[in-house]
Amino acid sequence: MARARIHRIVGVAPVILSLLAFTLVVAAVSFGWEQGMKDEGAVAHTWQLLIAAQAPLIAAFLTTADWGRFRRELGPLALQGGALILALASVAILHL
């Protein structure tokens, strides 16, 4: 697989994982999943896995980046950061 194609895939995948984590939190709150549980349930563990899975993908993105075109790489990094902040903030704001 060509380096550019890998770079494109690992640039999009963390954003998708963050948006899935955000959607999972919103769905869990909206539908009352695992309400009143004393310990973390499947939703919390799934959210944690979605967030943790991003670390190697972001590392691969940084590894395959063309640093000669630094400004071109900032857009996907900013999008990844924003999506990650959205997923993390949803948990912090809703006190989950």
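### What to know about helix α1 (residues 3–31)
Link 1 in the chain: If you check α1, its first and last C-alpha atoms are 42 Å apart, about what 29 residues at 1.5 Å a residue would give, namely 42 Å.
Link 2 in the chain: Within the sequence span of α1, burial applies to H7, V10, G11, P14, V15, L17, S18, A21, L24, V25, A27 and A28.
Link 3 in the chain: If you follow the buried residues of α1, they end up packed against α2 (42–52), α3 (54–64) and α4 (70–93).
Link 4 in the chain: Trailing α1 by a residue or two, G32 shows a phi angle of about 70°, which is positive.

### Remarks on the nonpolar core
Link 1 in the chain: L17, A21, L24, V25, A28, V43, W47, L50, I51, A87 and V91 form the largest nonpolar core, which has 11 residues in total.
Link 2 in the chain: It is α1 that contributes the most residues to this core, five residues altogether.
Link 3 in the chain: For V25, the contacting residues outside a window of four places in its chain are W47, S90, V91, L94 and L96.

### Looking at the environment of I6
Link 1 in the chain: Along the chain, I6 turns up in helix α1.
Link 2 in the chain: We classify I6 as partly exposed; its relative accessible area is 30%.
Link 3 in the chain: Taking C-alpha positions, I6 is 9.9 Å from A65, a pair spaced 59 residues apart along the chain.
Link 4 in the chain: If sequence neighbours within four positions are ignored, I6 has contacts with M1 and T64.

### Concerning a nonpolar patch on the surface
Link 1 in the chain: Residues V29, I93, L94 and L96 make up a contiguous nonpolar surface patch of roughly 390 Å² in combined accessible area.
Link 2 in the chain: Counting through the fold element by element, L96 comes out in the segment after α4.

### Description of the confidence of the model for the chain
Link 1 in the chain: For the chain, mean pLDDT is 90; residues scoring 70 or higher make up 100% of the total.
Link 2 in the chain: Of all secondary-structure elements in the chain, the lowest mean pLDDT belongs to α4, at 91, while α3 reaches the highest, 94.

### Some remarks on the side chain of Q80
Link 1 in the chain: By the secondary structure assignment, Q80 is in helix α4.
Link 2 in the chain: Judged by its relative accessible area of 4%, Q80 is buried.
Link 3 in the chain: Separated by 3.1 Å, the side chain of Q80 and the backbone oxygen of G11 make a polar contact.
Link 4 in the chain: Q80 has contacts with V10, G11, P14, V15, I58 and F61, leaving out every residue within four places of it along the chain.

Cut-offs used in this document
Residue numbers here run from 1 along each chain, matching the order of that chain's written sequence. Only residues with pLDDT of at least 70 get local features here, since the model is predicted, and only at 80 or more are side-chain atom pairs given and counted; chain-wide, interface and lining totals rely on the full set of residues. Excluded from the side-chain calculations are hydrogens and water; all other atoms, namely the structure's heavy atoms, are used. Only DSSP runs of H or I with at least four residues qualify as helices, and only runs of E with at least two residues qualify as strands; both kinds are numbered from the N terminus onward. Expected helix span is computed as 1.5 Å times (number of residues minus one). Residue burial is assigned from relative accessible area. The probe radius is 1.4 Å, only protein chains are included, and a residue is buried under 20% of its type maximum, exposed over 50%, and partly exposed in between. It only takes one pair of heavy atoms within 4.5 Å for two residues to be counted as in contact. Note on terminology: a nonpolar core comprises buried Ala, Val, Leu, Ile, Met, Phe, Trp, Tyr and Cys residues joined through side-chain atoms within 4.5 Å. Patch building starts from residues that exceed 30% relative accessible area and form no salt bridge, then joins like charges within 9 Å and nonpolar side chains (Val, Leu, Ile, Met, Phe, Trp, Tyr) within 5 Å. Surface accessibility follows the Shrake-Rupley procedure with a 1.4 Å probe radius. Residue values consider only the protein chains on display as shielding. In the sections that follow, a salt bridge refers to a side-chain nitrogen of Lys or Arg positioned within 4 Å of a carboxyl oxygen of Asp or Glu. Confidence per residue, as judged by the predictor, is encoded in pLDDT with a range of 0 to 100. As used in this structure description, the phrase polar contact means that two N or O atoms lie within 3.5 Å; if the pair is within protein, one of them must be able to donate a hydrogen and the other to accept it, and residues adjacent in sequence are counted only when both atoms belong to side chains.

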